[in-house]
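Coordinate analysis (summary)
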Amino acid sequence: MLKNLLHKSSICAALTLLVFSCRQPIDIDTDRTVVPTNLPEITDFSPKAGWLGDRIIITGKNFVNVQKVMLDTLTLDSVVVISPNRISARIPDRVSSDGLTQFLWTRSINRAFNMSVTTRVGIATSNYQIALTNGSITGFISIDKKPFDSVVVMVTHAPKNWLGQTLTGYTANMSFSGFYIIALTSLNIGTSNIAITDGADFSIRPFLHGYAFSPAEQTVIIQNGRTVGETEFKASKAPTETMPTVTSISPNMASSFSGGTETGTTIVLGGKGFTGVRKVMIGIPYPASPGSSAISVGYTEATAVTINSDNQITVTLPRLDRTKTVSGRTYANCQIYLVREDASLLAPQRISITYI
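Everything numeric in this text was worked out from a predicted model, so none of it was measured.

What follows concerns the sheet that holds strand β7 (residues 74-75). With respect to topology, 4 strands assemble into an open sheet ordered β7-β6-β11-β12, the strand pairing being antiparallel. Of all strands in the sheet, those bounded by a partner on one side alone are β7 and β12 (123-125). Both strand β6 (residues 66-71) and strand β11 (residues 115-119) contribute to a ladder of 5 bridges, which runs antiparallel. Bridging across to β11, methionine 70 finds its partner in serine 116.

Set out below in structure tokens:
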């Protein structure tokens with residue numbers, strides 16, 4: 001009897017211990033659940049886009065007893081805890097056993113990763129991703145510390161290639177949340193692919209109706225096939241009362257050329273608040289691919305712009321992208337963007353442009 005009683009008591013004790021071990025700790029004085037403290041937190045990291053061998057600086061809280069730093073399943077090496085609020089970690093040069101080898105050695109592919117920091121008391125995950133890229137200008141756009149999508153990003157200045165041709169027509173794709181990517185491996189000029197050479201410098205400017213960006217423009221230089229320079233922008237909503245207003249565009253039927261040196265029709269914009277305008281961008285709804293019904297708007301800067309007064313701008317239409325246009329075709333619903341230092345405005349009016 002006593003032996004059976006002791007056996008049952010042991011089983012009850014074991015079950016009780018198991019139940020309480022699965023529960024969160026309870027403060028016996030207040031009978032309240034004890035929430036773990038000093039959990040790690042990632043608030044930011046830089047750069048937002050990198051490649052093999054790059055060092056990443058991570059800022060946050062409670063970086064104590066750090067065990068590992070990871071991009072998805074990729075473990076970063078050379079981790080240095082500079083302070084409880086700052087970590088330095090390096091993307092490894094080579095990876096052989098984490099399932100990412102194929103991606104990392106296929107250098108023309110771009111991909112985004114989730115970042116995490118594991119400490120003895122918990123795991124912190126970043127609110128946005130980091131991009132690993134190569135052969136491209138890659139940058140990040142945020143608003144209120146969150147990824148910002150659907151922004152138009154243009155190369156507003158590009159150098160000449162080794163043939164003496166100016167590299168133009170770059171428009172970024174928002175490939176994953178908050179990131180824009182501009183391919184640099186080659187650019188179609190007619191039927192030829194012209195490689196980008198070291199020393200090329202590019203000026204990058206984002207714009208979107210009703211928003212301001214800081215800084216307004218960034219410059220990057222290509223060195224050893226990689227970009228040098230900042231490519232991050234922060235967006236903010238522009239006050240409506242400070243925005244210019246377009247009330248008329250004349251004429252609204254215009255023409256331009258798909259080749260040669262000629263420029264197109266000169267148009268006049270009427271409205272108010274034009275004094276601060278710095279650039280005028282013309283957006284053409286091109287087919288996304290030959291024979292496709294999908295539309296992709298491509299933008300070209302008008303270089304012949306005159307601010308006649310606060311109420312009038314004269315714009316001569318530029319030559320547009322001859323790799324996408326078809327001679328004799330009329331493109332309706334073409335956009336006109338006014339870009340200031342502090343904000344951008346998409347005119348509500350549209351024009352039609354015929355290519356000669």
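Next comes the rest of the description.
As a further point, take the packing of aromatic side chains. Following the criterion strictly, the structure yields 10 aromatic pairs and no others. Centroid distance phenylalanine 140 to phenylalanine 179: 5.0 Å. Interplanar angle 55°. Geometry classified as tilted. Highlighted residues: phenylalanine 140 in strand β14 (residues 136-143) and phenylalanine 179 in strand β18 (residues 179-183), separated in sequence by 39 residues. Phenylalanine 140 sits in the buried class, given a relative accessible area of 1%. Relative accessible area serves as the criterion here: at 0%, phenylalanine 179 is assigned to the buried category. Site record: aromatic cluster; members linked through ring pairs are Phe45, Tyr128, Phe140 and Phe179. Over the ring of phenylalanine 45 we find lysine 48, and its NZ or CZ is 5.5 Å from the ring centre.

In terms of burial, strand β35 (residues 351-355) is largely enclosed, as 4 of its 5 residues are buried. When strand β33 (residues 330-340) meets β35, the two strands line up antiparallel, connected through 3 bridges. Bridging across to β35, cysteine 334 finds its partner in isoleucine 351.

A few words now on the sheet that holds strand β13 (residues 130-132). Pairing is mixed in the open sheet, where 3 strands are placed in the order β4-β13-β10. The open sheet terminates on both sides in strands that have one partner only, identified here as β4 (49-50) and β10 (111-113).

With that settled, consider the pattern of salt bridges. If you walk through the whole model with that rule in mind, you get 6 salt bridges. As a salt-bridge pair, glutamate 232 and lysine 48 come within 3.3 Å of each other at their nearest N and O atoms. One end of the pair, glutamate 232, is in strand β25 (residues 232-237); the other, lysine 48, is in the loop between β3 (41-46) and β4, with 184 residues separating them in the sequence. Judged by its relative accessible area of 5%, lysine 48 is buried. With a shortest N-O distance of 3.4 Å, lysine 279 and glutamate 301 are connected by a salt bridge. Here the residue lysine 279 occupies a position in strand β29 (residues 277-287), and glutamate 301 occupies one in strand β30 (residues 295-301), the gap between them amounting to 22 residues. Connected via shared salt-bridge partners are Asp44, Lys48, Glu232 and Lys234.

Definitions and limits used
Residues numbered from 1 in each chain as written. Predicted model: local features only at pLDDT ≥ 70, side-chain atom pairs only at ≥ 80, totals over all residues. Heavy atoms only, no water. Pairing = 2+ DSSP bridges. Helix = DSSP H or I, 4+ residues; strand = E, 2+ residues; numbered from the N terminus. Phe/Tyr/Trp six-rings, centres within 6.5 Å; stacked < 30°, edge-to-face > 60°. Buried < 20%, exposed > 50% of the residue type's maximum accessible area, 1.4 Å probe, protein only. Lys NZ or Arg CZ within 6 Å of the ring centre and 35° of its normal. Salt bridge = Lys/Arg side-chain N within 4 Å of Asp/Glu carboxyl O.

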